[in-house]
Amino acid sequence: MTTTETKPVDGVVRKMKEGYGFIAGYDGIDYFMHWTAMKKGQKEFRQLEIGDRVKFEALVVPEKGPRAVEVEVVG
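Computed from a prediction, not measured in an experiment: that's the story for all the values here.

(A) Local environment of unusual backbone geometry. Even without being glycine, Glu 18 reaches a positive phi, approximately 45 degrees. One can find Glu 18 in the loop between strand 1 (6-17) and strand 2 (20-25). Located in the positive-phi region is Glu 70, a residue other than glycine, with phi close to 55 degrees. Positionally, Glu 70 belongs in strand 5 (residues 65-73).

Right, dumping it as structure tokens:
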């Protein structure tokens, strides 16, 4: 996967801190998430809690690793 390709992934919020956090994808990969990655109309990142179920688009940034974009709370 390159920086222009994404794939849908489900996961759970593993850590949130001051505008960023990590999502444990059900595909076994941890994804970095910045608050700007929240899908419009969703909870604000400040309201995300550890354990929240989410779906997102996985994006691989070669120099930075896997990132979650278009994050949406599902449960």
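(B) Inspection of the environment of Tyr 26 at higher detail. Positionally, Tyr 26 belongs in the loop between strand 2 and strand 3 (30-34). Judged by its relative accessible area of 56%, Tyr 26 falls in the exposed class. The spatial distance from the C-alpha of Tyr 26 to the C-alpha of Lys 55 is 9.9 Å, given a sequence separation of 29 residues. The contacts of Tyr 26, once residues within four sequence positions are left out, are Val 9, Asp 10, Gly 11, Val 12 and Arg 53.

What counts, and where the lines are drawn
Residues numbered from 1 in each chain as written. Predicted model: local features only at pLDDT ≥ 70, side-chain atom pairs only at ≥ 80, totals over all residues. Heavy atoms only, no water. Helix = DSSP H or I, 4+ residues; strand = E, 2+ residues; numbered from the N terminus. Buried < 20%, exposed > 50% of the residue type's maximum accessible area, 1.4 Å probe, protein only. Contact = heavy atoms within 4.5 Å.

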